Number of protein chains: 2
Amino acid sequence: MTSAYKTLEARFRQMSAIGGALSMLGWDRSVMMPPGGGEVRAEQMAVLSVMLHELQNAPDMASLLDDATVENGLDGWQAANVREMRHGFKHATAVPADLVDKLSRARAKSEMVWRTARQDDDFKSLIAPMKELLGLVRESANAKAASFGVAPYDALLDGFDPGRTMAQLDVIFDDLLGFLPGFIDAALAHQETLPNVLKLEGSFDVPAQERLGRQIMETLGFDFNHGRLDTSEHPFSGGVPDDSRITTRYDTEDFTPGLMGLVHETGHSIYERGLPLDWRGQPVGRSRGMTLHESQSLLYEMQAARSPQFIAYLAPLLEGAYGGSGEAWEVTNLTRTYHRIERSLIRVHADEATYPLHVILRYRLERAMIAGELEVEDLPGAWNEAMAELVGVTPVDDRDGCMQDIHWPSGAFGYFPTYTLGALAAAQIFTTARQAMPALMDDIGNGDFKRLNGWLGENIHSTGCRYSPDETINRATGSLLGAAAFKAHLKDRYLPG
Amino acid sequence: MTSAYKTLEARFRQMSAIGGALSMLGWDRSVMMPPGGGEVRAEQMAVLSVMLHELQNAPDMASLLDDATVENGLDGWQAANVREMRHGFKHATAVPADLVDKLSRARAKSEMVWRTARQDDDFKSLIAPMKELLGLVRESANAKAASFGVAPYDALLDGFDPGRTMAQLDVIFDDLLGFLPGFIDAALAHQETLPNVLKLEGSFDVPAQERLGRQIMETLGFDFNHGRLDTSEHPFSGGVPDDSRITTRYDTEDFTPGLMGLVHETGHSIYERGLPLDWRGQPVGRSRGMTLHESQSLLYEMQAARSPQFIAYLAPLLEGAYGGSGEAWEVTNLTRTYHRIERSLIRVHADEATYPLHVILRYRLERAMIAGELEVEDLPGAWNEAMAELVGVTPVDDRDGCMQDIHWPSGAFGYFPTYTLGALAAAQIFTTARQAMPALMDDIGNGDFKRLNGWLGENIHSTGCRYSPDETINRATGSLLGAAAFKAHLKDRYLPG
């Protein structure tokens, strides 16, 4: 007789293959598909999604999980695999099927309205669909809360970053709030004393940008035998661990943000590729939630690639790729370009120092929305007030205010905190790596990422979901996630030495 | 209560979506996938294939089909849809599951060996895997023969071209054999009296070839809103009717065969796109077998695009695209280039006059193999003898002899005849179209395919599987498939007027 565990392994392997197929079809839709293929593609993806859902919610799933949980002879990885299966099942079954269905339709509608509403700066048109969606998200959060025995917002957090709670966030974010305002003032004052940033002038043609981008990706450790780089309107990382599909968009006026965007996506991809090979297709072999995922992209981008050492390595490559010369192309100006702090309106363009303030704002507001203390129609006022208080700027419209992100209109509440937790984790993990490998910054200055990749592979990537997110960070760095390393990093990079 | 018919429609719609997903994943594998993605892609495709197979062979399928067959109130299309469902089911269930499994493994093995064996001209290494495969193909053909009450080879034909029989093939091929040898002698003698074909000299860079290729595809009626053109090592037409994926390969020394290859694939694609919109995802909405499919690609390639009128339209475009000039680029030489007859060794490079002889040879040999009258080890001798007799040339090795095609090593017996039946159907259908539209060749000379596409759409494409292949041709042309139009076409094109 096949053990319950073995049956589950086979089932989840099948689900992973369908999920992988969906991922490839989604990539193709964004990158390759002719517009007229949309209808039949939607049908293909819907059919596969239903099959995935049916496997996930099979009538015998609960009893298989119960049997596997008490099964003798499972090793640590297998037991963790069952725990992860159960975690997904718990989320999938806590919400009644008709609510899942309503949510998915309300999401699609509100996301669609958001695209137009944002473009037209017309928040009013978004109120009704967003209110409907928020109501359903609350209902879903309440159902999960009742089922898991936690607070509704904590139940949402757990979906993106298993085990994360408001209690932890409050401690960490209060720590940041005690530091950042004074730090940003000081950093800006110091920045004032430096020469102005010179714009890198030129027309940066797409083939040259792509060539350099691929070169940098390979330098970082991206394996083009297991991945591709393409172009899409909204850049993303897709595919599966052994077939990573990164997309980017080229700005011929300014290549600098796009290049760091590529580094960021490469970090995501190296993480996926480094997940435990023996556990491909099993829940325990997946990435360890959004905080850990973001920690890896930000580690490569903010900690490694924006370091003065790597910028010095980059300078001659940029000159060579674009035929640039003169003061603007010198290391000092490149470093200032990539180390500029600015109080600004848009999260995705924010520097690493002000970014957490954008996140804390969203955390406050979304938590209040889930608790029923903030209604959709009051969002613009609350947003603008919080922006003035936290970031120190006030939006002139809702387009660049509370409508700038797709997350809420698409029903993702509880996701934003992972961006900043990821930045903190990146700093903490990178600090540990530097301590473990004293010559690490020399490596990076030479464009040599072998040792860094080896260390991350061993301490983070290859552990998959063997441990909880908190435990993973604790095992890799010797302490639980906190803001100390991040604060030290900021001080080191942005204040006079 | 849902009717059996409605249940089947839903089931087949789902199967079609999975099949479409598989088609896209297969396209990506050939065109986009990095090599390292092969393993996980194989897993994804295997899981979807098993799901498709399980749906096709669901325990209630037989009774649903029985109920739907006697269901009241079905219209002609719905009844034809049930007939097509039953046809697929009949083929799927005639062969025991373990034989299907053995076949699929023997196929994979023999195909793999063939790739190396062909390269090394080492037929001996292919004997064992081909013998094993042929044994299983015979077993499968015998099982189908017993189940359908027909001869084993007829059962195989029926899988590619429903209703086709050896009895019909013998009549048609005997007709061709009574005509072609004398015709080819006469055409070659006439060709001798013409000036030599001048080679189009130049280096034909890929972007220029691609630009012109796309332009010609659009001229023919390919809709890039519903399809793509890409590059792959082995050109093919993939995708689904509303998202057609054509691939090609560019030879920078000689663009002429590649260009006609594109026209050929475009013909396949226009057929698929023209299938009845109301029946997308249903068996009755599919293309009407391999003979009809090939008839459409060959109609565009051999009948329309190689006509003197279209070659005259093409000449200035070629000159413009490649900056060619001089005698070689004149219409007379282009026409001779595209109308050259030659007794040659390789089927895929053969001209339209000698091509049927390559097919008849294969028909004779594969029929004998299925009947147990020819064994794998005797194939090279039988091949070389038949080549000398039928085509008038003798292979110097097996690479360009009996190992040139992938069909047999991949278990496709009964497929080859559809190439020539398709050529005959193309001539017959095109002749009817010219009679129905007296100005058709003027249209084609102007690069205007609207009327031709409209006529084919109405008479062939939009009928899907409403009628049998024979009935489809009979309704479109007023007579059953025969060689008369093809013979007249050859005489008209290749003999002095």
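Residues numbered from 1 in each chain as written. Chains lettered and ligands numbered in written order. Predicted model: local features only at pLDDT ≥ 70, side-chain atom pairs only at ≥ 80, totals over all residues. Heavy atoms only, no water.

A. Region of interest: the relation of the copies chain B and chain A. When chain B is fitted onto chain A, the two copies agree to an RMSD of 0.1 Å after a turn of 179° and an axial shift of 0.0 Å. Here the copies are linked by what is in effect a two-fold axis. A share of 100% of interface residues in chain B that are also interface residues in chain A marks the association as one of identical surfaces. (Least-squares fit on C-alpha atoms with pLDDT ≥ 70 in both. Contact = heavy atoms within 4.5 Å.)

B. Layout of the pattern of salt bridges. Taken as a whole and judged by the stated rule, the model has 69 salt bridges over all chains. Ionic pairing is found between Arg 280 of chain A and Asp 242 of chain A, a salt bridge with its closest N-O pair at 2.8 Å. Taken together, the residues span a long stretch of sequence, with Arg 280 of chain A in the loop between helix 10 (256–273) and helix 11 (289–305) and Asp 242 of chain A in the loop between strand 2 (237–240) and strand 3 (243–248) at a distance of 38 residues. Considered together, Arg 280 of chain A and Asp 242 of chain A belong to a single accessibility category, that of buried residues. The network of salt bridges with shared partners includes Asp 28 and Arg 41 of chain A together with Asp 243 and Arg 245 of chain B. (Salt bridge = Lys/Arg side-chain N within 4 Å of Asp/Glu carboxyl O. Helix = DSSP H or I, 4+ residues; strand = E, 2+ residues; numbered from the N terminus. Buried < 20%, exposed > 50% of the residue type's maximum accessible area, 1.4 Å probe, protein only.)

C. Main features of the packing of aromatic side chains. Residues and elements named next belong to chain A. Taken as a whole and assessed by the stated rule, the structure comprises 44 aromatic pairs over all chains. Ring centres of Tyr 415 and Tyr 419 lie 5.4 Å apart, and the angle between their planes is 55°; this geometry places the pair in the tilted category. Pairwise contacts between aromatic rings join Phe 160, Tyr 355, Trp 383, Trp 408, Phe 413, Tyr 415, Phe 416 and Tyr 419 into one cluster. Taking the ring centre of Trp 77 as reference, the NZ or CZ of Arg 466 above it sits at 5.8 Å. (Phe/Tyr/Trp six-rings, centres within 6.5 Å; stacked < 30°, edge-to-face > 60°. Lys NZ or Arg CZ within 6 Å of the ring centre and 35° of its normal.)

D. Structural view of the domain arrangement of chain A. Residues and elements named next belong to chain A. Along its sequence, chain A is carved into domain 1 (1–74) and domain 2 (97–497). Taking only C-alpha atoms, the centre of domain 1 and the centre of domain 2 are 28 Å apart. If you look at the interface, domain 1 gives twelve residues, while domain 2 gives 17 residues. Both sides together, the interface formed by domain 1 and domain 2 hides about 1,100 Å², and carbon and sulfur atoms give 62% of it. Of all residues in domain 1, the largest losses of buried area upon contact with domain 2 belong to Phe 12, Met 24 and Trp 27, amounting jointly to 42% of the total for that side. In this assembly, domain 1 and domain 2 are joined by zero salt bridges. Its residues assigned to classes, the side of domain 1 that touches domain 2 shows six nonpolar, four polar and two charged. (Domains from an automatic or database assignment. Buried area = accessible area lost by both parts, 1.4 Å probe. Nonpolar A, V, L, I, M, F, W, Y, C, P; charged D, E, K, R; others polar.)

E. Structural view of the interface of chain B and chain A. Contact residues are listed per partner, giving 33 residues for chain B and 33 residues for chain A. Where chain B touches chain A, the interface holds six salt bridges. In this structure, the salt-bridge partner of Arg 245 of chain B is Asp 28 of chain A, at a minimum N-O distance of 2.9 Å. Our count for the chain B to chain A interface comes out at eleven residue pairs in polar contact (both at pLDDT 80 or more). Residue assignment for the side of chain B that touches chain A shows that the elements contributing at least two residues are helix 1 (4–31), helix 2 (38–56), strand 1 (227–231) and strand 3 (243–248) of chain B. The greatest single-element share of the side of chain B that touches chain A, amounting to ten residues, is contributed by helix 1 of chain B. Counted by class, the side of chain B that touches chain A contains 17 nonpolar, eight polar and eight charged residues. (Polar contact = N/O pair within 3.5 Å; in protein donor to acceptor, adjacent residues only side chain to side chain.)

F. Geometry of the nonpolar core. Counting 117 residues, the largest nonpolar core has Phe 173, Phe 183, Tyr 300, Leu 318, Trp 408, Ile 444 and Leu 452 of chain B as the members making the most contacts within it. If we skip the residues at most four places from it in the chain, Tyr 300 of chain B touches Leu 220, Val 263, Gly 267, Ile 270, Ala 305, Phe 449, Leu 452, Asn 453, Leu 456 and His 461 of chain B. (Core = buried A, V, L, I, M, F, W, Y, C linked by side-chain atoms within 4.5 Å.)

G. Representation of helix 16 (residues 417–436) of chain A. Taking 1.5 Å of rise per residue, 20 residues should cover 28 Å, and helix 16 of chain A covers 28 Å from first to last C-alpha, within 8% of that figure. Within helix 16 of chain A, 16 of the 20 residues are buried, leaving the element largely enclosed by the surrounding structure. (Expected span 1.5 Å × (residues − 1).)

H. Structural detail: the side chain of Arg 245 of chain A. Relative to the elements of secondary structure, Arg 245 of chain A occurs in strand 3. Arg 245 of chain A sits in the buried class, given a relative accessible area of 0%. Within the structure, the side chain of Arg 245 of chain A is placed 2.8 Å from the side chain of Asp 28 of chain B, a separation counted as a polar contact. Not counting residues within four places of it along the chain, the set of residues in contact with Arg 245 of chain A comprises Met 24, Trp 27, Arg 228, Phe 236, Ser 237, Gly 238 and Gly 239 of chain A together with Asp 28, Met 32, Met 33, Pro 34 and Arg 41 of chain B.

I. Quick look at the sheet that holds strand 1 of chain B. Residue and element names in this part refer to chain B. With mixed pairing, the three strands of this open sheet are ordered in space as 1-3-2. Edge positions in the open sheet fall to strand 1 and strand 2 (237–240), since each of these has one partner strand only. Along the sheet, successive strands turn relative to each other by an average axial angle of 20°, direction set aside. The pairing of strand 2 with strand 3 spans four bridges and is classified as antiparallel. Bridging from a neighbouring strand, Gly 238 pairs with Arg 245 of strand 3. Here helix 10 (residues 256–273) sits on the sheet and contacts strand 1, strand 2 and strand 3; the angle it forms with strand 3, its principal contact strand, is near 160°. (Pairing = 2+ DSSP bridges. Axes fitted to C-alpha atoms, helices over the stretch in contact; angles between N-to-C directions.)

J. Geometry of the sheet that holds strand 2 of chain A. Residues and elements named next belong to chain A. Strand order in this open sheet of three strands is 1-3-2, and the pairing throughout is mixed. Here the strands that pair on one side only, and so sit at the sheet edges, are strand 1 (227–231) and strand 2. In this sheet, adjacent strand axes meet at a mean angle of 20° when their direction is disregarded.

K. Representation of the pairing of strand 3 of chain A in the model. Residue and element names in this part refer to chain A. Of all six residues in strand 3, six are buried, a share of seventy percent or more. Burial of the side chains of strand 3 extends over both faces: Asp 243, Arg 245 and Thr 247 are buried on one face and Ser 244, Ile 246 and Thr 248 on the other. As paired elements, strand 1 and strand 3 share five bridges and run parallel to each other. Bridged to Asp 230 within strand 3 is Thr 247.

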